[in-house]
Amino acid sequence: MVHPDQQYIEALKNNDATLLNTLYEKYAGKIKWMVLKNKGNETDAADIFQEALVAIFNKAKSSDFTLTCPLDAFLYLVCKNKWLNELNKRKVGRVTFTDTEVYNDIGVETFKLEEDCRVQEDRKKLLDETLTEMQESCRQLLRLSWSGKPMDEVADLLKVTYGYARKKKSECMSALIKLVKQSPKFNTLKW
(Lines give C-alpha, C1' and ligand atoms only; values in the text may rest on other atoms or scores of the structure.)
Protein backbone atom coordinates (compact mmCIF):
# COMPACT_ATOMS: atom_id res chain seq x y z
CA MET A 1 0.00 0.00 0.00
CA VAL A 2 1.52 3.32 -1.08
CA HIS A 3 1.81 5.86 1.72
CA PRO A 4 0.50 9.41 1.05
CA ASP A 5 4.04 10.71 1.68
CA GLN A 6 5.00 9.09 -1.66
CA GLN A 7 4.27 12.56 -3.05
CA TYR A 8 7.60 13.70 -1.59
CA ILE A 9 9.45 10.85 -3.31
CA GLU A 10 7.82 11.91 -6.58
CA ALA A 11 8.77 15.53 -5.83
CA LEU A 12 12.41 14.45 -5.42
CA LYS A 13 12.30 12.51 -8.69
CA ASN A 14 10.64 15.37 -10.58
CA ASN A 15 12.47 18.25 -8.87
CA ASP A 16 9.16 19.80 -7.77
CA ALA A 17 10.35 22.97 -6.03
CA THR A 18 7.11 23.60 -4.13
CA LEU A 19 6.92 20.16 -2.54
CA LEU A 20 10.68 20.09 -1.94
CA ASN A 21 10.39 23.34 0.02
CA THR A 22 7.56 21.81 2.04
CA LEU A 23 9.72 18.74 2.64
CA TYR A 24 12.54 20.90 4.00
CA GLU A 25 10.16 22.90 6.19
CA LYS A 26 8.54 19.79 7.66
CA TYR A 27 11.57 17.58 8.26
CA ALA A 28 14.87 19.50 8.37
CA GLY A 29 14.32 20.78 11.94
CA LYS A 30 14.07 17.30 13.45
CA ILE A 31 17.28 16.22 11.72
CA LYS A 32 19.05 19.41 12.79
CA TRP A 33 18.03 18.79 16.40
CA MET A 34 19.31 15.18 16.27
CA VAL A 35 22.68 16.20 14.81
CA LEU A 36 23.16 19.17 17.18
CA LYS A 37 22.36 16.95 20.15
CA ASN A 38 25.03 14.48 19.02
CA LYS A 39 28.24 16.50 18.59
CA GLY A 40 27.35 18.13 15.29
CA ASN A 41 26.70 21.64 14.08
CA GLU A 42 24.20 23.26 11.73
CA THR A 43 26.39 22.67 8.68
CA ASP A 44 26.68 18.99 9.57
CA ALA A 45 22.89 18.78 9.93
CA ALA A 46 22.33 20.43 6.55
CA ASP A 47 24.88 18.10 4.92
CA ILE A 48 23.36 14.98 6.49
CA PHE A 49 19.85 16.03 5.47
CA GLN A 50 21.00 16.71 1.90
CA GLU A 51 22.92 13.41 1.71
CA ALA A 52 19.85 11.51 2.91
CA LEU A 53 17.66 13.18 0.28
CA VAL A 54 20.22 12.36 -2.42
CA ALA A 55 20.32 8.72 -1.23
CA ILE A 56 16.52 8.51 -1.30
CA PHE A 57 16.49 10.21 -4.72
CA ASN A 58 19.01 7.68 -6.08
CA LYS A 59 17.01 4.80 -4.62
CA ALA A 60 13.81 6.15 -6.16
CA LYS A 61 15.42 6.74 -9.57
CA SER A 62 17.23 3.41 -9.78
CA SER A 63 14.34 1.18 -8.75
CA ASP A 64 10.61 1.05 -8.38
CA PHE A 65 10.79 2.53 -4.88
CA THR A 66 7.43 2.88 -3.16
CA LEU A 67 7.11 4.45 0.27
CA THR A 68 4.87 2.33 2.51
CA CYS A 69 5.45 4.22 5.76
CA PRO A 70 5.64 7.86 6.87
CA LEU A 71 8.53 9.75 5.26
CA ASP A 72 9.33 11.32 8.64
CA ALA A 73 10.33 7.99 10.20
CA PHE A 74 12.13 6.72 7.10
CA LEU A 75 14.10 9.94 6.63
CA TYR A 76 15.03 10.08 10.32
CA LEU A 77 16.48 6.55 10.20
CA VAL A 78 18.46 7.31 7.04
CA CYS A 79 19.85 10.52 8.57
CA LYS A 80 20.61 8.85 11.89
CA ASN A 81 22.59 6.10 10.16
CA LYS A 82 24.46 8.62 7.99
CA TRP A 83 25.31 10.74 11.04
CA LEU A 84 26.57 7.68 12.95
CA ASN A 85 28.77 6.77 9.99
CA GLU A 86 30.13 10.32 9.93
CA LEU A 87 30.84 10.27 13.67
CA ASN A 88 32.56 6.92 13.27
CA LYS A 89 34.78 8.39 10.52
CA ARG A 90 35.63 11.32 12.79
CA LYS A 91 36.21 8.97 15.74
CA VAL A 92 34.23 11.29 17.99
CA GLY A 93 33.93 10.32 21.64
CA ARG A 94 30.70 9.46 23.44
CA VAL A 95 27.57 10.80 21.80
CA THR A 96 24.03 10.81 23.13
CA PHE A 97 23.39 7.39 21.60
CA THR A 98 25.91 4.54 21.40
CA ASP A 99 26.24 1.98 18.60
CA THR A 100 24.46 -0.62 20.71
CA GLU A 101 21.71 1.81 21.63
CA VAL A 102 21.35 2.82 17.99
CA TYR A 103 21.15 -0.72 16.69
CA ASN A 104 18.65 -1.60 19.40
CA ASP A 105 16.84 1.67 18.73
CA ILE A 106 16.82 1.01 14.99
CA GLY A 107 15.37 -2.42 15.67
CA VAL A 108 12.70 -0.91 17.90
CA GLU A 109 12.05 1.95 15.47
CA THR A 110 11.88 -0.45 12.54
CA PHE A 111 9.47 -2.70 14.42
CA LYS A 112 7.34 0.30 15.41
CA LEU A 113 7.50 1.63 11.86
CA GLU A 114 6.43 -1.74 10.50
CA GLU A 115 3.57 -1.92 13.02
CA ASP A 116 2.49 1.65 12.20
CA CYS A 117 2.54 0.85 8.47
CA ARG A 118 0.48 -2.30 9.02
CA VAL A 119 -2.08 -0.41 11.10
CA GLN A 120 -2.22 2.34 8.44
CA GLU A 121 -2.78 -0.27 5.72
CA ASP A 122 -5.54 -1.91 7.78
CA ARG A 123 -7.15 1.49 8.37
CA LYS A 124 -6.99 2.26 4.65
CA LYS A 125 -8.52 -1.13 3.86
CA LEU A 126 -11.36 -0.51 6.36
CA LEU A 127 -11.89 2.95 4.92
CA ASP A 128 -12.03 1.56 1.36
CA GLU A 129 -14.45 -1.21 2.42
CA THR A 130 -16.66 1.29 4.22
CA LEU A 131 -16.55 3.71 1.31
CA THR A 132 -18.06 1.04 -0.95
CA GLU A 133 -21.14 0.98 1.31
CA MET A 134 -21.83 4.64 0.56
CA GLN A 135 -23.73 6.22 -2.31
CA GLU A 136 -21.76 6.73 -5.51
CA SER A 137 -22.14 10.52 -5.25
CA CYS A 138 -20.47 10.51 -1.81
CA ARG A 139 -17.69 8.17 -2.96
CA GLN A 140 -16.95 10.34 -5.96
CA LEU A 141 -17.01 13.59 -3.97
CA LEU A 142 -14.75 12.24 -1.21
CA ARG A 143 -12.25 10.67 -3.60
CA LEU A 144 -11.99 13.87 -5.63
CA SER A 145 -11.52 16.01 -2.51
CA TRP A 146 -8.91 13.58 -1.12
CA SER A 147 -6.98 13.70 -4.38
CA GLY A 148 -5.78 17.18 -3.42
CA LYS A 149 -7.97 19.11 -5.80
CA PRO A 150 -9.33 22.40 -4.45
CA MET A 151 -13.04 22.29 -3.58
CA ASP A 152 -13.96 24.80 -6.29
CA GLU A 153 -12.41 22.45 -8.88
CA VAL A 154 -14.21 19.46 -7.31
CA ALA A 155 -17.49 21.37 -7.51
CA ASP A 156 -16.86 22.18 -11.20
CA LEU A 157 -16.07 18.53 -11.99
CA LEU A 158 -19.26 17.39 -10.28
CA LYS A 159 -21.26 20.22 -11.87
CA VAL A 160 -22.53 21.54 -8.52
CA THR A 161 -22.04 24.80 -6.67
CA TYR A 162 -19.08 25.31 -4.38
CA GLY A 163 -21.36 25.71 -1.35
CA TYR A 164 -23.23 22.50 -2.13
CA ALA A 165 -19.96 20.58 -2.63
CA ARG A 166 -18.65 21.71 0.78
CA LYS A 167 -21.93 20.90 2.53
CA LYS A 168 -22.21 17.53 0.81
CA LYS A 169 -18.59 16.68 1.65
CA SER A 170 -19.27 17.42 5.32
CA GLU A 171 -22.36 15.19 5.27
CA CYS A 172 -20.51 12.39 3.46
CA MET A 173 -17.59 12.57 5.90
CA SER A 174 -19.96 12.38 8.85
CA ALA A 175 -21.67 9.34 7.33
CA LEU A 176 -18.31 7.71 6.57
CA ILE A 177 -17.03 8.29 10.11
CA LYS A 178 -20.22 6.84 11.54
CA LEU A 179 -19.91 3.72 9.36
CA VAL A 180 -16.23 3.27 10.21
CA LYS A 181 -16.93 3.55 13.95
CA GLN A 182 -19.68 0.92 13.64
CA SER A 183 -17.27 -1.60 12.15
CA PRO A 184 -16.08 -4.39 14.47
CA LYS A 185 -12.53 -3.69 13.19
CA PHE A 186 -12.61 -0.08 14.38
CA ASN A 187 -11.37 -0.66 17.95
CA THR A 188 -8.51 -2.93 16.86
CA LEU A 189 -6.99 -0.22 14.64
CA LYS A 190 -6.01 2.25 17.42
CA TRP A 191 -7.92 5.23 16.03
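Residues numbered from 1 in each chain as written. Predicted model: local features only at pLDDT ≥ 70, side-chain atom pairs only at ≥ 80, totals over all residues. Heavy atoms only, no water.

A. A look at helix H1 (residues 6-14). When we look at burial in H1, the residues that qualify are Gln6, Tyr8, Ile9, Ala11 and Leu12. Those residues of H1 hidden inside the fold are in contact with helix H2 (17-37), helix H3 (42-62) and helix H4 (71-90). (Buried < 20%, exposed > 50% of the residue type's maximum accessible area, 1.4 Å probe, protein only. Helix = DSSP H or I, 4+ residues; strand = E, 2+ residues; numbered from the N terminus. Contact = heavy atoms within 4.5 Å.)

B. Structural context of unusual backbone geometry. The backbone of Lys39 shows a phi angle near 65°, a positive value even though the residue is not glycine. Along the chain, Lys39 turns up in the loop between H2 and H3. Residue class for Lys39 comes out partly exposed when judged on its relative accessible area of 47%. Of note in this structure, Lys159 is not a glycine but carries a positive phi near 60°. Mapping Lys159 onto the fold places it in the loop between helix H7 (151-158) and helix H8 (162-182). Lys159 sits in the exposed class, given a relative accessible area of 73%.

C. Highlighting the pattern of salt bridges. Per the stated rule, a full pass over the model turns up 6 salt bridges. Here Glu10 ties to Lys13 by a salt bridge, and the two come within 3.8 Å at their closest N and O atoms. With Glu10 and Lys13 both in helix H1 and 3 residues apart, the pair spans about one turn of that helix. Given a relative accessible area of 26%, Lys13 falls into the partly exposed group. (Salt bridge = Lys/Arg side-chain N within 4 Å of Asp/Glu carboxyl O.)

D. Quick peek at the packing of aromatic side chains. Under the definition given, this model contains 2 aromatic pairs. Ring plane angle 85° and centroid distance 6.0 Å describe the contact between Tyr8 and Tyr27, whose orientation is recorded as edge-to-face. In this pair, Tyr8 is assigned in helix H1 and Tyr27 in helix H2, connecting sequence segments 19 residues apart. The exposure classification of Tyr8 matches that of Tyr27, with both residues buried. The side chain of Lys30 reaches across the aromatic face of Tyr76, ending 4.8 Å from its centre. (Phe/Tyr/Trp six-rings, centres within 6.5 Å; stacked < 30°, edge-to-face > 60°. Lys NZ or Arg CZ within 6 Å of the ring centre and 35° of its normal.)

E. Representation of the state of the cysteines within the structure. On inspection of all chains with the given rule, the structure shows 1 disulfide. A disulfide bridge connects Cys138 with Cys172, and the sulfur atoms are separated by 2.0 Å. Between Cys138 and Cys172, the S-S dihedral sits near -75°, and the bridge is therefore left-handed. Of this pair, Cys138 sits in helix H6 (residues 136-146) while Cys172 sits in helix H8, and the two are 34 residues apart along the sequence. (Disulfide = S-S within 2.5 Å.)

F. The nonpolar core, seen in detail. Membership of the largest hydrophobic core comes to 28 residues, with the highest contact counts inside it found for Phe49, Leu71, Leu75 and Cys79. The set of elements that each furnish at least two residues to this core consists of H1, H2, H3 and H4. With 16 residues, the next largest nonpolar core counts Leu126, Leu131, Met134 and Ala165 among its residues. (Core = buried A, V, L, I, M, F, W, Y, C linked by side-chain atoms within 4.5 Å.)

G. Expanded view of the side chain of Ser183. Mapping Ser183 onto the fold places it in the segment after H8. In terms of polar contacts, Ser183 uses its side chain to reach the backbone amide nitrogen of Lys185, at 3.1 Å. (Polar contact = N/O pair within 3.5 Å; in protein donor to acceptor, adjacent residues only side chain to side chain.)

Purely geometric stuff here, so don't read any function into it on its own.
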